[in-house]
Amino acid sequence: MIGREKSRPVRYRDRVSQPSILFVCLGNICRSPLAEAALRKRAVAAGVAMTIDSAGTGDWHTGNAPDPRAQEMALEHGVDISKYRARAVTEDDFHKFGHIFALDQQNLKDLRRIEPARHIAEVGLLMDLVPGRKGTAVIDPYYGDHTDFAQAWADVDAAAQALVKRYSR
Ligand code: 4NP
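Residues numbered from 1 in each chain as written. Predicted model: local features only at pLDDT ≥ 70, side-chain atom pairs only at ≥ 80, totals over all residues.

Student: Any chance you could break down the overall build of the chain for me, citing the residues and the numbers?
Tutor: For the chain, the count of helices and strands is six helices and four strands. In the chain, the succession of helices and strands from N to C terminus is α-β-α-β-α-α-β-α-β-α. Over its C-alpha trace the chain gives a radius of gyration of 15 Å, about what one expects of a compact globule, namely 15 Å for 169 residues. The C-alpha extent of the chain, read off along each of the three principal axes, is 40 × 35 × 30 Å. By residue count, 41% of the 169 residues in the chain fall in the buried class. Across the chain, contacts joining residues at least 24 apart in sequence account for 71% of those joining residues at least 6 apart. (Helix = DSSP H or I, 4+ residues; strand = E, 2+ residues; numbered from the N terminus. Rg over C-alpha atoms; globule rule 2.2 N^0.38 Å. Buried ≥ 20, exposed ≤ 12 C-beta atoms within 10 Å, placed from the backbone. Contact = placed C-beta atoms within 7 Å.)

Written as structure tokens, this is what we have:
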């Protein structure tokens, strides 16, 4: 069970209009921009059209570029995220996006606090998409080093591959 409804591989809405996916972490400068980058790369490679964005549950970094270590990690994988800018998640996002994925359990709790009573989005934990990783977090690499950013990339890329598989026809 993801969010408030039974999860199914591809919803009708995702067939009639392209899937729209929002990744949410705390600051929107490390993990969720990496998730955005990994999915953009995988979606382009697979020829799958998607609307992809990322946001933070906090607004401290609004308008900032991703953490330089996240930029470096994305570049190592061929994606330039230097133009991404951080923003805070809003109530409106629950009406705009079909799918909102939290990078860790606290992000999911925080999303549930601002979740409007009625909305269209599937809200869930990102790593629930990855076989064998249900209930696990993409660990925050902010206080870590290159190895931690590499692990974050590996995690979000595994989820990106699962998403592309879900929406490939
Ligand atoms: P993120 O990482 O949630 O993956 O973007 C963090 C970025 C900034 C802070 C914490 C986590 N911070 O405390 O400023």
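Alright, that's what it looks like, and here's the rest.
Student: Mind laying out the sheet that holds strand β3 (residues 99-102), listing which residues take part and the relevant values?
Tutor: Overall, parallel pairing links the four strands, which are arranged β2-β1-β3-β4 in an open sheet. Lying at the two open borders of the sheet, with one neighbouring strand each, are β2 (51-56) and β4 (122-125). On average, each strand axis in the sheet is tilted by 20° relative to the strand beside it, whichever way the strands run. Its contacts with the sheet place helix α2 (residues 31-46) against β1 (20-25) and β2, and it is angled at close to 170° to β2. (Pairing = 2+ DSSP bridges. Axes fitted to C-alpha atoms, helices over the stretch in contact; angles between N-to-C directions.)

Student: Can you tell me about the site of the ligand, naming the residues and giving the values?
Tutor: Taken together, C25, L26, G27, N28, I29, C30, R31, W60, D140 and Y142 make up the full set of residues adjacent to the ligand. Grouping the constituent residues of the shell around the ligand by class yields six nonpolar, two polar and two charged. (Near = placed C-beta within 6 Å. Nonpolar A, V, L, I, M, F, W, Y, C, P; charged D, E, K, R; others polar.)

Student: Residue-level account of the pairing of β4, with values.
Tutor: Strand direction decides the pairing type here: β3 and β4, joined by four bridges, are parallel. Counted as the bridge partner of H99 is E122 from β4. Between the parallel pair β3 and β4, the chain is carried across by helix α5 (residues 105-114), and the sense of this crossover is right-handed. (Right-handed = clockwise from strand over helix to strand, strands pointing away.)

Student: So what about unusual backbone geometry? Which residues, and what values?
Tutor: Across the chain, the bulk of peptide bonds are trans and the bulk of non-glycine residues have phi less than zero. The phi torsion at N28 lies on the positive side, around 60°, for a residue other than glycine. Structurally, the position occupied by N28 is in the loop between β1 and α2.

Student: So what about α2? Which residues, and what values?
Tutor: Taking 1.5 Å of rise per residue, 16 residues should cover 22 Å, and α2 covers 22 Å from first to last C-alpha, within 8% of that figure. If you check which residues of α2 are buried, you get R31, S32, P33, L34, A35, E36, A37, A38, L39 and A43. Looking at the buried residues of α2, the elements they touch are β1, β2, α3 (68-76) and α6 (146-167). Looking one or two residues past α2, G47 carries a phi angle of roughly 70°, positive in sign. (Expected span 1.5 Å × (residues − 1).)

Student: How would you sum up the nonpolar core? Please name residues and give values.
Tutor: Counting residues in each nonpolar core, the largest one holds 49 residues, and the members touching the most others are V24, L34, A35 and L126. For this core, the elements supplying multiple residues, two or more each, are β1, α2, β2, α3, β3, α5, β4 and α6. Top element by residues in this core is α6. It accounts for nine residues. Filtering out sequence-adjacent residues up to four positions away, A35 remains in contact with F23, S54, L103, L126, V156, A159 and A160. (Core = buried A, V, L, I, M, F, W, Y, C linked by C-beta atoms within 7 Å.)

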